[in-house]
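Read off the chains here:
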Amino acid sequence: MPDTVQNKKIEVNALWRAVLAELQLTLSAYTYNTWMANTKARNLTEDALEIICPSDYSKKILEKNCYSLIQQSVNKIGKGEYKLSFVIGEIEKGSTTSNLKKSVPPAAPLFEQSTQTFSTKELYKDSGLSGHYTFDNYIMGPNNRLAYSIAWAVATEPGKNYNPVFFYSGVGLGKTHLIQAIGNKIAQEKPNLKVVYTTGESFTNELIESIQKGKRGKGYVSDQFRKKFRNADVLLVDDIQFIVGRQSTQEEFFHTFNALYMAQKQIVLTSDRPPKDFTDLEERITSRFGSGISADMQPPDVDTRVAILRSKRDRENEAVPNDVIEYIAQKVNTNIRELEGAYLQVVTYSKATGISITTDLAIRALGQTIREEKKAPINLNQVLKAVCNYYSVTGKELKGKRRTKDLVIPRQVAMYLIKELTDTPYMTIGEFLGGRDHSTIIHGIKKVEEELEELPKTRQDIANVKQIIYQNTL
Ligand code: ADP
Ligand code: MG
């Protein structure tokens, strides 16, 4: 981010956002989330900055342990030498907000939670934007750092830095969120600029409609359509890949693109593939894409996934403990949409059942979604009970010496599940299961592991027993 903050008259929220973004990368996720994430900044002067901490304790910790680290970052991003002071308390929300309203168009307030519906709805009229996607609730991580920096630069100074901008990634990795965040920030801070957000699909549909409605015969594109797009100061087109192979859409898009590009209007595009992979798109269009800057977005690492869910939880004020967030973040590594989906599933399940949110509940709620189960804090007796229940044998039989098939299988399953779910040492498992030695336990577990590879029935049995265990522990 530092390179994107070029104004001398830097805005305190923007500065602090950039500092936090940098510290988020430097500090461990835990330290960052515990100590930095809830801070704010105010009273930026040429050589001083006030940092607001939520409690006396956090103030002390930050002063003592993080002063120089924060200062370094502030100096670098603010391009100066700043003295930091730490104060406790909240920003006087009322006054800050009303001051903002009076002086400048409501700046995207960095820390005010974005559940606020913008009071500036008129700004969005016809823009196609949803106020929900903002920079405030967009978490930056190593996976999207470049894209984030570009987006921030573009939103701060549209048309100046990079043009066109092209973001690409797989599904659910934040393209729509980021491109909309750009639009929202510009709409809020520069109400005189006309922001138009559309998708490749809507662009196509509107064009078709416009042609259909056109009175002057086939091929006529209404002035209204052209006006809408060509009068934009900022044109955001999400999922541009949709226009590939549609001749008239491509043609119209090309002209729109050119008109805006020539007039140095900001153009931002997203797609599910990099510009060079647009083999079916006309060369004259792809070469235009390539003339600006492009950045890809990768799936987030686990720390970033945790940060995303924590931010969501805090914003929505849900009682989801950190260990549950950790669990979901560990388990869902495909994309952010699925991550949010899993989170929602847990929250909804808890609301539906009235059971408060714990890791056990999450395991249960996500049972169908996530195949691999977590090593939950389950005790040996719970496993034993479930195994006995499922195979209709008694605990005494299972722990006994008899080695008939109807006992050997459940016994080995018990060994396997105890190991998997409780991580108990082999020796202890052996003692627990009637004084067997640890090599017997290792052998038993290995046997089940092999069967799991080969036999669907074993997989089903194990899944069923787990189900009983989790049901019993809720
Ligand atoms: P795409 O357009 O790439 O398919 P989206 O922008 O729709 O992905 O993102 C999917 C979901 O994940 C959205 O709800 C979005 O708000 C959320 N999301 C994506 N990236 C982030 C991020 N970096 N921080 C917070 N939420 C994110
Ligand atoms: Mg999208």
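Structure: see above.
Residues numbered from 1 in each chain as written. Chains lettered and ligands numbered in written order. Predicted model: local features only at pLDDT ≥ 70, side-chain atom pairs only at ≥ 80, totals over all residues. Heavy atoms only, no water.

Visitor: Account for the pairing of strand β3 (residues 83-88), naming residues and giving values.
Guide: Looking down a regular strand, the side chains alternate between one sheet face and the other. Both strand β2 (residues 48-53) and β3 contribute to a ladder of six bridges, which runs parallel. Within β3, the residue paired with Ile52 across the bridge is Val87. (Pairing = 2+ DSSP bridges. Helix = DSSP H or I, 4+ residues; strand = E, 2+ residues; numbered from the N terminus.)

Visitor: An account of the site of ligand 1 is requested, with residue identities and associated values reported.
Guide: Taken together, 18 residues form the shell around ligand 1, and within it Ile139, Gly172, Thr176, His177 and Glu340 come nearest. For ligand 1, an oxygen atom lies 2.7 Å from a polar atom in the backbone of Gly172. Within the side chain of Arg337, one N or O atom sits 2.8 Å away from an oxygen atom of ligand 1. Protein chains shield 92% of the accessible area of ligand 1, which is 550 Å² for the free molecule. (Near = heavy atom within 4 Å. Polar contact = N/O pair within 3.5 Å; in protein donor to acceptor, adjacent residues only side chain to side chain. Areas by Shrake-Rupley, 256 points an atom, 1.4 Å probe, with all protein chains shown as cover.)

Visitor: I'd like a description of the packing of helix α6 (residues 145-156) against helix α7 (residues 175-189), backed by residues and values.
Guide: Contact pair α6 / α7: the axes reach a minimum separation of 9 Å and the direction vectors enclose 25 degrees. Judged by the inter-axis angle, α6 sits roughly parallel to α7. Remark: the crossing between α6 and α7 carries right-handed chirality. Of α7, the residues touching α6 (which contributes Ala147, Tyr148, Ala151, Trp152, Val154, Ala155 and Thr156) are Leu178, Ile182, Lys185 and Ile186. Its residues assigned to classes, the contact of α6 with α7 shows nine nonpolar, one polar and one charged. (Axes fitted to C-alpha atoms, helices over the stretch in contact; angles between N-to-C directions. Parallel < 35°, antiparallel > 145°, perpendicular 65-115°, else oblique. Left-handed = near helix turned anticlockwise from the far one by under 90°. Contact = heavy atoms within 4.5 Å. Nonpolar A, V, L, I, M, F, W, Y, C, P; charged D, E, K, R; others polar.)

Visitor: Lay out a negative patch on the surface with the relevant residues and their values.
Guide: There is a patch of like negative charges on the surface, built from Asp301, Asp303, Asp323 and Glu326. Within the element layout of this structure, Asp323 appears in helix α13 (residues 322-331). (Patch = residues over 30% accessible without salt bridge, like charges linked within 9 Å, V, L, I, M, F, W, Y side chains within 5 Å. Salt bridge = Lys/Arg side-chain N within 4 Å of Asp/Glu carboxyl O. Lys, Arg positive; Asp, Glu negative; His and termini not counted. Charge placed at Lys NZ, Arg CZ, Asp CG, Glu CD.)

Visitor: Describe the side chain of Arg310, naming the residues involved and giving the relevant values.
Guide: Along the chain, the position of Arg310 falls in helix α12 (residues 302-316). The charged side chain of Arg310 is buried without a salt bridge, its nearest counter-charge being Glu326 at 5.2 Å. Sequence-distant contacts of Arg310, that is, excluding residues within four places in its chain, are made with Asn33, Asn322 and Ile325. (Buried < 20%, exposed > 50% of the residue type's maximum accessible area, 1.4 Å probe, protein only.)

Visitor: Describe the packing of helix α16 (residues 380-391) against helix α18 (residues 405-422), with residues and values.
Guide: For the pair α16 and α18, the least separation of the axes is 9 Å and the interaxial angle reads 145 degrees. Seen along the crossing, α16 lies across α18 with a hand that is right-handed. Together, Leu380, Val383, Val387 and Tyr391 of α16 and Ile409, Pro410, Val413, Ala414, Leu417, Ile418, Leu421 and Thr422 of α18 make up the contact between the two elements. Classifying every residue of the contact of α16 with α18 gives 11 nonpolar, one polar and no charged.

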